[in-house]
Amino acid sequence: MLDHIDGKTLKLLFKGGSQYLSNKSDEVNKLNVFPVPDGDTGSNMAYTLDYAVKEMEKASDNINDILNNLSRGALLGAKGNSGVILSQIIRGFAKSLLNHDIITTKDFAEALNMGSSVAYKAVMKPTEGTILTVVRDCANEALKLSKIKDFEVFIDGIVKAAAESVEKTPDLLPVLKQAGVVDSGGKGFLFILLGMLETIKGHEVVQEYTTKDVSTNETDLTNINFKYCTEMLINANSQMSYKLKSEIESFGDSLIVVGDDDLIKVHIHTNNPGLVLQEGLKYGDLVKVKIDNMKIQHENVILGTNDDSKQELPTKKYGFLAVSPGDGISKIFKELGCDVIIDGGQTMNPSALDILNGLEKINAENIIVFPNNKNIIMTCEQAMTMSDKNIYVIATESFNQAISAIINVDANMSIEDVIRSINDTIEKITTIEITYSIRDSVIDGINIKSGDILGFVDGKFTAIGTDYNEVALKIISDNISEDTTIITVYYGKDISENKAKDLQNFISFDGDIDIQYGGQPLYYYVISIE
């Protein structure tokens, strides 16, 4: 009978839980409410716990050292909302057990209860029927069972409580019942407990594969064809933005022209900024002009600002970190002056450490972070709490929101006005996503078959069909109005430019329709209506 846990056993328990979850991560990934190919809860939880365990194994067999390493590792390795919540559960669990030489079942129960409490507090709007509910049910059952001395019997009871709680999640969260699935995060937590139980029984849990990391891309300006980054703000009829764009698109690349109220904003990389300004003057008064020589800036970064030594660039007022799901989107972010761009998105969420490392590379008074995915927002917020820099996380759920927001940032404004301007810009954007179903399902009473094309507007399921251009066209037509000034279509890596242009030709709209290569996986189109 195992009546207490020491440091060595504690390491074995968490290692067993981590390996069991890793082996079952694909099963957890498939428990997605929407039958789209972006389930990553299992992968995120597995990566988070795997990172925590690797940090834990660096510690001595002292329980305090183990828990400190485990907790910090979970915080740094946290990926996605599920990973962040798991890291908070571990944080509370570790906090409760500090200064213990051994751990009894009563200690374990109290620690699980503390983990549940910390996790609930970490979530702004806790939702029942999720991992939070499952952990709380486990903690309550653990307290009831804490008089049992035998850890195998004790953990077995907690596992049974977890399994029952997971099966009840659809009764608490109607969207789960409609989709015919249980909560993925709760199921992931159950697998961690099952791994611990197998370890206590003396069964070795062998990890079948290892988790993969996400790399960070940094801006590369080695090959500069157009030297001058030219921006101008014109006091003109915003409806004329598409005409101005056609007049200057041959002057360079990285062209973005957007209209808002009685203003037109232009961004272009060119070797003839004077010609760009002359064309702009034909449409109205120039309110603001900014021209930067990118080649000189790049040489200063590489060589330093004098001949003797490399110097750190002076702190600028605003720096930007953006998460990008595709190479085309990364290119756009680079052209807009983002300081750090991190690969990420659906099924490839960066960890808190990835974000933290990116933040440390930015030398700015204020750093603005664009997660660009609802499952990365909490990770960015967690990274923010671990840095001493002045950081603002904008809750962007798609990259198109960030692109428009950055274009409208005025470096002369205060940080309060910049954040207000960004939020105002995002509110005016409608985001359309076109993807496909990976399994049969039912959404809002509509029967969906595997392979069907699905359309979403601002995250809400809106349309179904068999052809992605037809579905996209229908949703676009339903969402444009007399206030619409520009439609931007970002086509994914599985779509040809010709197919995207076919869509453009069928859109009935008098304003500007811009086609951009995004390179995002899984989603045929991400379409921005402003």
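Please read these numbers as outputs of a predicted model, since none were measured by experiment.

1. A closer look at the overall build of the chain
Along the backbone of the chain there are 19 helices and 17 strands. Relative to the 2.2 N^0.38 estimate, which gives 24 Å for 530 residues, the radius of gyration of the chain is 26 Å and therefore close to what a compact globule would have. Taken along its principal axes, the extent of the C-alpha atoms in the chain is 85 × 65 × 35 Å. A buried classification covers 55% of the 530 residues belonging to the chain. Taking as baseline every contact in the chain between residues at least 6 positions apart, the subset at least 24 positions apart corresponds to 71%. Accessible surface, the chain: about 23500 Å² in total, of which carbon and sulfur atoms supply 47%. Across the chain, 49 positive and 76 negative side-chain charges occur, with their mean positions spaced 4 Å apart.

2. Comments concerning the side chain of Q401
By the secondary structure assignment, Q401 is in helix α16 (residues 399–407). Setting aside its immediate chain neighbours within four residues, Q401 contacts T396, I426, I429 and T431.

3. A few points about the sheet that holds strand β17 (residues 525–529)
Read across the sheet, six strands follow the order β14-β13-β10-β17-β15-β16 without closing on themselves; strand pairing throughout is mixed. Both edges of this open sheet fall to β14 (460–465) and β16 (512–517), since each of them pairs with a single strand only. This sheet shows a mean twist of 20 degrees between the axes of neighbouring strands, independent of strand direction. The pairing of strand β15 (residues 486–491) with β17 spans five bridges and is classified as antiparallel. The residue of β17 that forms the bridge with Y490 is V526. Contacts from helix α18 (residues 468–479) reach β10 (430–436), β13 (453–457), β14, β15 and β17, with the element oriented near 20 degrees to β13.

4. Topic: the confidence of the model for the chain
A residue-level look at the chain finds 92% of positions with pLDDT of 70 or above and a mean pLDDT of 89. Of the regions scoring below 50 in pLDDT, residues 210–222 engages in 31 contacts with residues more than four places distant in sequence or in other chains.

5. Regarding the pattern of salt bridges
A complete count under the given rule lists 17 salt bridges for this structure. Among the ionic pairs, R136 bridges to E128, the shortest N-O distance being 3.2 Å. Given the relative accessible area of 30%, E128 is considered partly exposed. The partner of K316 in a salt bridge is D339, and the shortest N-O contact between them spans 2.5 Å. Taken together, the residues K316 in strand β6 (residues 316–324) and D339 in the loop between α13 (327–335) and β7 (340–343) connect sequence positions 23 residues apart.

6. Things to note about the pairing of strand β4 (residues 263–270)
Counting buried residues in β4 gives seven out of eight residues, a clear majority hidden from the surface. Strand direction decides the pairing type here: strand β2 (residues 228–235) and β4, joined by eight bridges, are antiparallel. Residue pairing in the sheet places I234 in a bridge with I264 of β4.

7. Details of helix α2 (residues 41–56)
Helix length check: α2 (16 residues) gives 22 Å between terminal C-alpha atoms against 22 Å at 1.5 Å per residue, within 8%. Burial within α2 is extensive, with 13 of its 16 residues counted as buried.

8. Here we look at the pairing of β10
The element β10 is largely enclosed, with a buried count of six among its seven residues. As judged from the five bridges shared by β10 and β17, these two strands associate in the antiparallel manner. Paired with T430 across the strands is I529, a residue of β17. By the bridge criterion, five bridges tie β10 to β13 in an arrangement that is antiparallel. Following the sheet pairing, I432 is matched in β13 by V457.

9. Examining the packing of α18 against helix α19 (residues 497–506)
At a minimum axis distance of 10 Å, the contact between α18 and α19 shows a crossing angle of 35 degrees. For the pair α18 and α19, the crossing hand works out as right-handed. Every residue of α19 that contacts α18 at Y468, N469, A472 and L473 is listed here: K499, D502, L503 and F506. Of the residues contributing to the contact of α18 with α19, the split by class is five nonpolar, one polar and two charged.

Each value, and the rule that gives it
Residues numbered from 1 in each chain as written. Predicted model: local features only at pLDDT ≥ 70, side-chain atom pairs only at ≥ 80, totals over all residues. Heavy atoms only, no water. Helix = DSSP H or I, 4+ residues; strand = E, 2+ residues; numbered from the N terminus. Rg over C-alpha atoms; globule rule 2.2 N^0.38 Å. Buried < 20%, exposed > 50% of the residue type's maximum accessible area, 1.4 Å probe, protein only. Contact = heavy atoms within 4.5 Å. Areas by Shrake-Rupley, 256 points an atom, 1.4 Å probe, with all protein chains shown as cover. Lys, Arg positive; Asp, Glu negative; His and termini not counted. Charge placed at Lys NZ, Arg CZ, Asp CG, Glu CD. Pairing = 2+ DSSP bridges. Axes fitted to C-alpha atoms, helices over the stretch in contact; angles between N-to-C directions. pLDDT = per-residue confidence, 0-100. Salt bridge = Lys/Arg side-chain N within 4 Å of Asp/Glu carboxyl O. Expected span 1.5 Å × (residues − 1). Left-handed = near helix turned anticlockwise from the far one by under 90°. Nonpolar A, V, L, I, M, F, W, Y, C, P; charged D, E, K, R; others polar.

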